[in-house]
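# Structural description and commentary
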Amino acid sequence: MKILSETYPRIKPLYWVLSLLILLAACKGSDPAAAGADAKVEAITPVTVTTVNDSTMVDYTNLNATSSFLQRNIVKANANGYIQNVRIQIGHYVNKGEVLFTIKTKEAQSIGNTINILDTTFKFTGVNKIKASEHGYVTQLNHQNGDYVQDGEQLAVISDRASFVFVMQLPYELRSTVKSNQDVQLTLPDGRKINGRISSFMPTVDTAAQTQGVVIKTNADNTIPENLVAKARIVRSLKQNTQSLPKTAVLANETQTDFWVMKLINPTTAVKTPVKKGIESGDYVEILSPKFSVQDKIIITGNYGLADTAKVKIIK
């Protein structure tokens, strides 16, 4: 009994402290005011909003187009003889009627000046001039000074400048989107943009790629070389007076099969609204359905990760 009486005074203060703490916790949990304050604490997301646009949507397709000369003129010898003078080099631009070669016939080379000595009025030279038949670039040169050539032998090849075009490789499934005389914008590797027009379609299709050559004529200057690959932009589809929204307003699931926007039903509440997308053009996307009114406010920033019926605050 003596031991118990000595221990009891120590336990009694600790008991009262624990009881007091339990009582305070019970009072706090049963306080209606405190419970209401906790219920009012809810996340509010700052957002910016926009409205639908009634605009023209254009869907472009970029394809490769290679510069090419469709016509090449072959320069040939007009007699048997020796080339006396070659006035061109590979890469030179020549004009129509310009002298390219001079050839001294075999007979004149053999007889020399004997005929002129016998008859001074005859004025026989035996030298023939070969001229360019069209404007163009010399892309091949087969002979040089002193070479013996036969009548009809190829001397050079000139790419006809008038036949300069870009040939675009068009996947055949897009054939219905390209028409004759359709305007096309070409972007060169150096960033320069030139305008062209669909001239004709090649009569064959590449077996492996299933692409058809489309001839694009341009008014480009003479500085564009052959076999240069440019990007041709063609209009794939065009829709006028259709509703659109910025791309940032349209959300999607991981598989990009379902799309939706967050629409405000009042100044502080946003709901998830499924949409059906159309074509995309630049930073905008066409909304096929539903039909929004000009008063509807759609969230464009702060919408990522928002749940349905989320609380928001519009900021400017």
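A brief structural summary. (Residues numbered from 1 in each chain as written. Predicted model: local features only at pLDDT ≥ 70, side-chain atom pairs only at ≥ 80, totals over all residues. Heavy atoms only, no water.)

### Considerations on the overall build of the protein chain
Along the protein chain, the regular secondary structure elements total four helices and 21 strands. Sequence separation of at least 24 residues holds for 72% of the intrachain contacts in the protein chain that already meet a minimum separation of 6. For the protein chain, the accessible area works out to roughly 19900 Å², and carbon and sulfur atoms hold 54% of it. (Helix = DSSP H or I, 4+ residues; strand = E, 2+ residues; numbered from the N terminus. Contact = heavy atoms within 4.5 Å. Areas by Shrake-Rupley, 256 points an atom, 1.4 Å probe, with all protein chains shown as cover.)

### Observations concerning unusual backbone geometry
Cis geometry marks the peptide bond from Ser-289 to Pro-290, where omega comes out at -5°. Mapping Pro-290 onto the fold places it in the loop between strand 19 (284–289) and strand 20 (298–301). Of note in the backbone geometry, Asn-227 takes a positive phi value of approximately 70° without being a glycine. The topology assignment puts Asn-227 in the loop between strand 14 (211–218) and strand 15 (229–246). At Thr-309, a position not held by glycine, the phi torsion is positive, near 55°. Position of Thr-309 among the secondary structure elements: in the loop between strand 20 and strand 21 (310–314). Given the relative accessible area of 49%, Thr-309 is considered partly exposed. (Buried < 20%, exposed > 50% of the residue type's maximum accessible area, 1.4 Å probe, protein only.)

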